[in-house]
Amino acid sequence: MDASFDAVSRALLDWYDAHARDLPWRARPGTPPPEPYRVWLSEVMLQQTTVAAVKDYFAAFTSRWPSVEALAVASDEDVMAAWAGLGYYARARNLLACAREVAANGGRFPDTEEGLRALPGLGAYTAAAVAAIAFERRAVVVDANVERVVARLFALDEPLPGGRTAIRERADAITPQARSGDFAQAMMDLGATVCTSRAPRCLLCPLASHCTAQAMGEPERFPVKAPKKAKPARRGRAFWIERDEHVWLVRRPGKGMLGGMRALPDDGWNARADGSGDGPLAGPWESAGKVGHVFTHFSLELNLTVYLGDQCDSLARHEGEWWPLEQLDAAGLPTLFAKAARLALAGTGEEA
DNA sequence: AACTCGTGGTC
DNA sequence: TGACCAAGAGT
């Protein structure tokens, strides 16, 4: 087994030169890097998110806001609505805060890992990735792909998250001085297309001859992960209030679940979670079915009730807006409430 | 350190 | 079909 720096990095970069994925935010291997704005935007969108899910959002954002200065002057409302459906909405809030900070400093991103790390929404991974890919700095880029590849390459079996320290040390040891951005992207391509979580394709792997886990015959055993906690089931209510072809929408608080997003009024299920809360009107409410949705650490059954009357004076005491039904797509509802809206507009029924 | 924070695809 | 998973960050 020769997992030395030179052998691994050369084999991987050769493979990347021949097999790099062609992605909208990426330059061809060996050509000048893309604008830092595009690298940064793509990396934030790709946090815990698949390439397939990001592509359309990346195209929409770069078309509507072609530069960090353009994004910096966008409204919170427009950016949050444009992010709707992509998830992890704190990313969108930090994205805008970061754009405004960069714009205030002349529109140029810091060109060092340390400088990037100080910006909102850039943690250890994203700061290293932008430094390496956009600025061609040597940086140790460790995401879930790199963790998997490195854990297998060296058969590191200390369970995550504790095992991340040893993985980072090994990743550092095989990261080259030159082309560290290509090296990082090569590791991620390898993890995404060859060294996959399930059923890795070791016959196609440029590092197979260097890989301890492959030699052991059980690459899928790595990386070892700590067992996960069970997801509790929560219940809640949401309220569809419709009058004159408009529906009453609210904006959720700036932090916490779906923070800053437009939404249907609900019973505070995020805190109460037993479906016992009241709506913003006295009613009468008519049941419209229920919506099931699974979040990261709990599942939710949302009972939807509808009010179609015109006694809406009490809504004046609440923050909210009458939104035209024919433009509901533009409201930027997160998926949970988009499901509920679909249910309300389809009449009574159920949606799993 | 452990917890919060979305979504859609895969098997 | 439920459990796992994905270019993690903030607290």
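Computed from a prediction, not measured in an experiment: that's the story for all the values here.

A short note on the overall build of chain A
In terms of helices and strands, chain A carries 13 helices and six strands. Considered along the principal axes of its C-alpha atoms, chain A spans approximately 75 × 50 × 30 Å. Buried residues in chain A amount to 47% of all 352 residues. Sequence-distant contacts in chain A: of pairs separated by 6 or more residues, those separated by 24 or more amount to 68%. Approximately 17,200 Å² of chain A is accessible, and the part contributed by carbon and sulfur atoms is 50%. Charge separation in chain A, taken as the distance between the mean sites of 40 positive and 44 negative side-chain charges, equals 4 Å.

Some remarks on the protein's contact with DNA strand C
As a structural note, the neighbourhood of DNA strand C is formed by 25 residues, with L46, G121, D143, N145 and R148 the closest of them. Backbone sugar and phosphate groups make up 65% of those atoms of DNA strand C lying within 4 Å of the protein. Take D143: an N or O atom from its side chain is 2.8 Å from a sugar or linking oxygen of DNA strand C. Take A144: an N or O atom from its main chain is 3.3 Å from a phosphate oxygen of DNA strand C. Counting residues per element, the ones that place at least two in the surface near DNA strand C are α8 (124-135) and α9 (144-153). Class assignment for the residues of the surface near DNA strand C results in nine nonpolar, eight polar and eight charged.

Looking at the protein's contact with DNA strand B
The full set close to DNA strand B counts 20 residues, and Y89, L258, H293, T296 and T335 are the nearest of them. Near the protein, meaning within 4 Å, the atoms of DNA strand B are sugar or phosphate in a fraction of 63%, with bases accounting for the rest. Taking Y89, its main chain carries an N or O atom lying 2.7 Å from a phosphate oxygen of DNA strand B. Among the secondary structure elements, those contributing two or more residues to the surface near DNA strand B are β4 (286-294) and α13 (335-345).

Thoughts on the packing of helix α3 (residues 51-64) against helix α5 (residues 76-83)
Two elements in contact, α3 and α5, have axes separated by 10 Å at closest approach and are oriented at 155°. When the axis of α3 is compared with that of α5, the two are roughly antiparallel. Contact with α3, carried on its side by Y57, F61 and R64, involves D78, V79, A82 and W83 of α5 and no other residues of that element. Of the residues contributing to the contact of α3 with α5, the split by class is five nonpolar, no polar and two charged.

Re the environment of A186
Along the chain, A186 falls in helix α11 (residues 180-193). For A186, a relative accessible area of 0% corresponds to the buried category. Placed 157 residues apart in sequence, A186 and P29 show a C-alpha to C-alpha distance of 9.7 Å.

A few points about the packing of α9 against α11
For the pair α9 and α11, the least separation of the axes is 8 Å and the interaxial angle reads 80°. On the basis of their axis angle, the class for α9 and α11 is roughly perpendicular. Taken together, the residues of α11 that come into contact with α9 (itself represented by N145, V146, R148, V149 and V150) are M187, M188, L190, G191 and A192. Split by residue class, the contact of α9 with α11 holds seven nonpolar, two polar and one charged.

Quick notes on the UniProt feature "domain: HhH-GPD" (unreviewed entry) in chain A
This chain's UniProt record puts "domain: HhH-GPD" (unreviewed entry) on residues 45-193. Spanning residues 45-193, this segment combines 64% helix with 0% strand, and its end C-alpha atoms are found 19 Å apart.

Things to note about helix α6 (residues 90-104)
For α6, which comprises 15 residues, the first-to-last C-alpha distance of 21 Å matches the rise-based estimate of 21 Å (1.5 Å per residue) to within 8%. If you check which residues of α6 are buried, you get R91, A92, L95, L96, C98, A99 and V102. The buried residues of α6 all sit within an arc of 165° when viewed along its axis, so they share a single face. Those residues of α6 hidden inside the fold are in contact with α2 (36-45), α3, α4 (68-72) and α5. Immediately downstream of α6, the backbone of G106 shows phi near 95°, a positive value.

Calculation rules
Residues numbered from 1 in each chain as written. Chains lettered and ligands numbered in written order. Predicted model: local features only at pLDDT ≥ 70, side-chain atom pairs only at ≥ 80, totals over all residues. Heavy atoms only, no water. Helix = DSSP H or I, 4+ residues; strand = E, 2+ residues; numbered from the N terminus. Buried < 20%, exposed > 50% of the residue type's maximum accessible area, 1.4 Å probe, protein only. Contact = heavy atoms within 4.5 Å. Areas by Shrake-Rupley, 256 points an atom, 1.4 Å probe, with all protein chains shown as cover. Lys, Arg positive; Asp, Glu negative; His and termini not counted. Charge placed at Lys NZ, Arg CZ, Asp CG, Glu CD. Near = heavy atom within 4 Å. Polar contact = N/O pair within 3.5 Å; in protein donor to acceptor, adjacent residues only side chain to side chain. Nonpolar A, V, L, I, M, F, W, Y, C, P; charged D, E, K, R; others polar. Axes fitted to C-alpha atoms, helices over the stretch in contact; angles between N-to-C directions. Parallel < 35°, antiparallel > 145°, perpendicular 65-115°, else oblique. UniProt positions renumbered as here; feature names shortened; annotations may be inferred. Expected span 1.5 Å × (residues − 1). Arc of directions from axis to C-beta.

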